[in-house]
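Descriptive analysis of the structure
This is what each chain is made of:
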Amino acid sequence: MAETKKLLRALAGETLDTPPIWMMRQAGRYLPEYRATRAQAGDFLSLCYNPELAAEVTLQPIRRYGFDAAILFADILLVPQALGADLWFVTGEGPRLSTITDQAGFDALKPASAIHDTLSPVYETVRILSRELPAETTLIGFAGAPWTVATYMIAGRGTPDQGPAHALREGNTALFEALLERITEATIDYLSMQIEAGAEVVKIFDSWAGSLKGDDFAKYAVEPCRRITAAIKDRHPGIPVIGFPREAGEGYVGFHAATGVDCVALDNSVDPEWAAKNVQVSGCVQGNLASSHMVTGGQALVDETRRIVKAFSGGPHIFNLGHGITPDADPENVQLMIDTVRG
Ligand code: CP3
């Protein structure tokens, strides 16, 4: 059967008249209906592990806006938790985890094969979504990339420069690489289970790839993404993979070929005209409107949206923000962006 879902057509390399559109963090605090369901669940993690409510918040932006894709509601930090790390969220600040800084901390982690005990509610969310989503909407599963997940496991929180992770990488390379290996194995199994439950595409979020330079980018951003992509394609032929090495800059060039991903997601620090010439030549790209436009709106939003659509109009493109939408965004600006893209 010929593919009819717009997102899958773009991922297969088709150039469409209007790009499919979805938005990172589209289920989030800028929506009043999200805040209400989150309150019902109690807190963010309880929401992630409640399949009915997690499916509900995933569906909310689809009902409101008719996006071309829904992204599973979960978090990249559920994998460290499933490996045995303590995880909690401090309101207004972000995630906190128990830290891994030495061999004893690493030895206390569970094997990758044990993650499903914790993560099975996530697979149930995917099953509910694959029943309930409209026929034209693509379901995206996801995981964090090993480097990004490791930065949180090592520091115990988000860090501006990933200093603690870089220190371990330099000070105890063997331990650092063993941790990346454990996360890589867990991620392959986790994404594979999401696909078996009904995810049609998977995305690998490497939010902190930009702080890896030169050979380290090749070893710790490109290589794990290549391994995960190869394993997914081996186990589930035909499932497209989106890679997001955020703030990779020049590292975006050649990323399709080096990793085997079907689509490279771009942050908004790269110029769309440059990215069309240097990245889209190798395959589908996703992005890359600055999420600040969802706060400020107006003519600048319209102009910048049009510029991005035009720059990428010569090849396969999925419209998205360059990073997640923020809680202070105005839901009406999201509608304005969609109307502008769909013209
Ligand atoms: O995009 C989606 O709608 C799907 C769900 C999703 C969430 N997090 C929900 C979430 C996805 C794909 C993520 C990915 C994620 N989580 C990343 C990679 C992408 C990125 O943003 O760089 C990272 C680094 C995390 C870790 C994380 N989770 C942080 C640093 C925070 C706190 C920052 C913040 O925005 O509050 C979270 C919390 C989080 N994850 C929220 C949501 C909707 C907000 C939680 C709340 O409701 O309070």
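What counts and how
- Residues numbered from 1 in each chain as written.
- Predicted model: local features only at pLDDT ≥ 70, side-chain atom pairs only at ≥ 80, totals over all residues.
- Heavy atoms only, no water.
- Helix = DSSP H or I, 4+ residues; strand = E, 2+ residues; numbered from the N terminus.
- Rg over C-alpha atoms; globule rule 2.2 N^0.38 Å.
- Buried < 20%, exposed > 50% of the residue type's maximum accessible area, 1.4 Å probe, protein only.
- Contact = heavy atoms within 4.5 Å.
- Areas by Shrake-Rupley, 256 points an atom, 1.4 Å probe, with all protein chains shown as cover.
- Lys, Arg positive; Asp, Glu negative; His and termini not counted.
- Charge placed at Lys NZ, Arg CZ, Asp CG, Glu CD.
- Pairing = 2+ DSSP bridges.
- Axes fitted to C-alpha atoms, helices over the stretch in contact; angles between N-to-C directions.
- Parallel < 35°, antiparallel > 145°, perpendicular 65-115°, else oblique.
- Left-handed = near helix turned anticlockwise from the far one by under 90°.
- Near = heavy atom within 4 Å.
- Polar contact = N/O pair within 3.5 Å; in protein donor to acceptor, adjacent residues only side chain to side chain.
- Nonpolar A, V, L, I, M, F, W, Y, C, P; charged D, E, K, R; others polar.

As for the overall build of the chain
If you tally the helices and strands in the chain, you get 16 helices and nine strands. For 343 residues, the compact-globule estimate of 2.2 N^0.38 gives 20 Å, and the C-alpha radius of gyration of the chain, at 19 Å, lies within 12% of that figure. Evaluated residue by residue, the chain yields a buried proportion of 59% over its 343 residues. Put simply, of all contacts in the chain between residues at least 6 apart along the chain, 73% involve residues at least 24 apart. Summing over all exposed atoms, the chain offers an accessible surface of approximately 13,400 Å²; the carbon and sulfur share of this is 49%. Charge-centre separation for the chain: the mean point of 29 positive side chains lies 2 Å from the mean point of 42 negative side chains.

Observations regarding the pairing of strand E2 (residues 87–90)
In terms of strand pairing, E2 meets strand E3 (residues 94–97) through four bridges, oriented antiparallel. Bridge assignment links Val90 to a residue of E3, and that residue is Gly94. The hairpin turn running from E2 into E3, its antiparallel successor, is three residues long, and Gly92 in that turn takes a positive phi close to 80°.

What about the packing of helix H4 (residues 51–65) against helix H7 (residues 116–132)?
Relative to each other, H4 and H7 sit at 50°, their axes nearing to 8 Å. One finds that H4 runs oblique with respect to H7. H7 is crossed by H4, and the crossing has right-handed handedness. Facing Pro51, Glu52, Ala54, Ala55, Thr58 and Leu59 of H4, the residues of H7 in contact are Pro121, Glu124, Thr125, Ile128, Leu129 and Glu132.

Section: the site of the ligand
Near the ligand there are 22 residues, and of these Arg25, Tyr34, Arg38, Asp75 and Ser207 occur at the shortest range. Within the contact set of the ligand, an oxygen atom lies 2.7 Å away from a side-chain nitrogen or oxygen of His323. Isolated, the ligand exposes 870 Å² of accessible area, and the fraction of that covered by the protein chains is 88%. Looking at the shell around the ligand residue by residue, the classes come out as 15 nonpolar, three polar and four charged.

Overview of unusual backbone geometry
In this structure, Asn288 follows Gly287 across a cis peptide bond, with omega equal to -10°. Locating Asn288 in the fold gives a position in strand E8 (residues 284–289). The backbone phi angle of Arg25 is positive, close to 60°, even though this residue is not glycine. With respect to the helices and strands, Arg25 occurs in the loop between helix H1 (6–11) and helix H2 (32–41). For Gln162, which is not glycine, the phi dihedral falls at a positive 55°.

Quick notes on helix H8 (residues 146–155)
Burial within H8 is extensive, with ten of its ten residues counted as buried. For H8, the set of buried residues is Pro146, Trp147, Thr148, Val149, Ala150, Thr151, Tyr152, Met153, Ile154 and Ala155. Following H8 by one or two positions, Gly156 adopts a phi angle in the positive range, close to 80°.

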